[in-house]
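Structural description and commentary
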Amino acid sequence: MTADLIEGSTCHKQQDMIQNMEELSNDEFVKFFQNLDAVMFDCDGNNIMKNAQDLVIKLRAYGKKVFFVTNNSTKTREEFLSKFNSFGFDVTIEEIISSSYLSALYLKERNFTKKVYVVGMAGITKELKSMGIESLEIGPDPIVDDGNLWLSSAEMHNLTLDTDVGAVIVGFDQFFCYKKLFKAASYLSNKDVYFIATNTDEQFPAERKGFVIPGTGSIVNAVKTAADRDPIVIGKPVPVMFDFIQRSYKVEPNRALMIGDRFVPHLL
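Keep in mind the model is a prediction, meaning the values are calculated, not measured.

Rules used in this analysis
Residues numbered from 1 in each chain as written. Predicted model: local features only at pLDDT ≥ 70, side-chain atom pairs only at ≥ 80, totals over all residues. Heavy atoms only, no water. Helix = DSSP H or I, 4+ residues; strand = E, 2+ residues; numbered from the N terminus. Buried < 20%, exposed > 50% of the residue type's maximum accessible area, 1.4 Å probe, protein only. Contact = heavy atoms within 4.5 Å. Areas by Shrake-Rupley, 256 points an atom, 1.4 Å probe, with all protein chains shown as cover. Pairing = 2+ DSSP bridges. Patch = residues over 30% accessible without salt bridge, like charges linked within 9 Å, V, L, I, M, F, W, Y side chains within 5 Å. Salt bridge = Lys/Arg side-chain N within 4 Å of Asp/Glu carboxyl O. Core = buried A, V, L, I, M, F, W, Y, C linked by side-chain atoms within 4.5 Å.

Along the backbone of the protein chain there are nine helices and 11 strands. The buried share of the protein chain, reckoned over its 268 residues, is 44%. When contacts within the protein chain are restricted to residue pairs at least 6 apart in sequence, those whose partners lie at least 24 apart make up 75%. Here the protein chain has roughly 14800 Å² of accessible surface; of this, 52% comes from carbon and sulfur atoms.

Once that is clear, we can look at the pairing of strand E1 (residues 38–42). Successive residues of a regular strand alternate their side chains across the two faces of the sheet. Counting buried positions along E1 yields five of five residues, so the element is predominantly enclosed. Going residue by residue along E1, you find Ala-38, Met-40 and Asp-42 tucked away on one face and Val-39 and Phe-41 tucked away on the opposite face as well. As defined by bridge partners, E1 adjoins strand E11 (residues 256–259) across four bridges and the pair is classed as parallel. Bridge assignment links Met-40 to a residue of E11, and that residue is Met-258.

Now for a nonpolar patch on the surface. Together, Ile-143, Leu-149, Leu-151 and Tyr-178 make up an exposed nonpolar region whose accessible area comes to about 370 Å². Inspection of the secondary structure puts Leu-151 in the loop between strand E5 (134–135) and helix H6 (154–158). Residue classification places Leu-151 among the partly exposed positions, given a relative accessible area of 36%.

Before going further, it helps to examine the nonpolar core. In terms of nonpolar packing, the biggest core is built from 31 residues, with Leu-102, Leu-107, Val-116, Leu-128, Phe-244 and Ile-245 touching the most fellow members. Sorting the residues of this core by element identifies E1, strand E2 (65–70), helix H4 (99–108), strand E4 (115–119), helix H5 (122–130), strand E6 (165–170), helix H9 (240–249) and E11 as the ones contributing at least two each. In contact with Leu-107, not counting residues within four places along its chain, are Phe-112, Val-116, Leu-128, Ile-133, Ala-167, Ile-169, Tyr-194 and Ile-196. One finds Val-165, Ala-185, Val-193 and Ala-197 within the second-largest nonpolar core, a separate group that totals 18 residues.

Set out below in structure tokens:
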């Protein structure tokens with residue numbers, strides 16, 4: 001089951017329908033609930049709300065479709081499934097919609113046969129491999145500090161690009177560095193190379209006051225600036241993820257509820 005992830009997107013923001021749920025009367029809430037076909041849960045964090053597992057069971061008992069959506073590209077759907085099971089959730093892999101999975105699916109649907117340069121982690125490369133798509137090696141790509149500027153070093157001048165790379169996917173990469181930025185922008189100088197961003201989240205929640213944890217968006221914007229190109233964004237709040245659910249599972253946006261920890265990234 002696949003769906004075109006970009007063209008023909010019909011999801012849109014339902015800003016005119018925004019309302020505080022606590023202000024609904026019992027009758028209004030019953031009507032609201034009866035008009036729901038699906039509930040989508042953001043699952044980017046690790047904190048589980050009390051009775052969340054029971055809620056999912058009850059939603060299914062009432063005939064509601066349930067989905068777990070995440071911009072986290074560091075894991076595969078199989079790994080998310082194991083995580084949910086460890087928390088006591090009864091979930092199927094089809095109910096998990098991740099940015100790493102949809103990034104790989106985007107290329108598969110276009111009969112992509114080349115290699116992918118990934119600025120990211122194993123969640124992306126494993127999803128690519130599961131769809132028969134080859135990617136270059138990920139992980140640390142350090143610059144050796146010999147006291148000289150790397151741009152004038154022998155390593156830089158002897159560096160070659162893989163001519164079979166046809167796409168660059170940018171996700172969260174804890175090993176992001178200048179050399180990776182150099183390579184990504186260089187590959188993207190070819191306008192025929194796909195530029196895909198798993199998401200553009202600016203920051204991750206910081207538990208320690210006074211600290212800022214840069215999100216994937218900071219890396220994406222660095223590559224975007226260097227390459228002078230806009231990426232195809234897969235994750236929330238861009239409609240691609242919601243459109244996939246709509247097309248694949250026949251869910252209309254005005255009959256779906258999105259539950260998340262922040263307002264803007266989870267607008268339909």
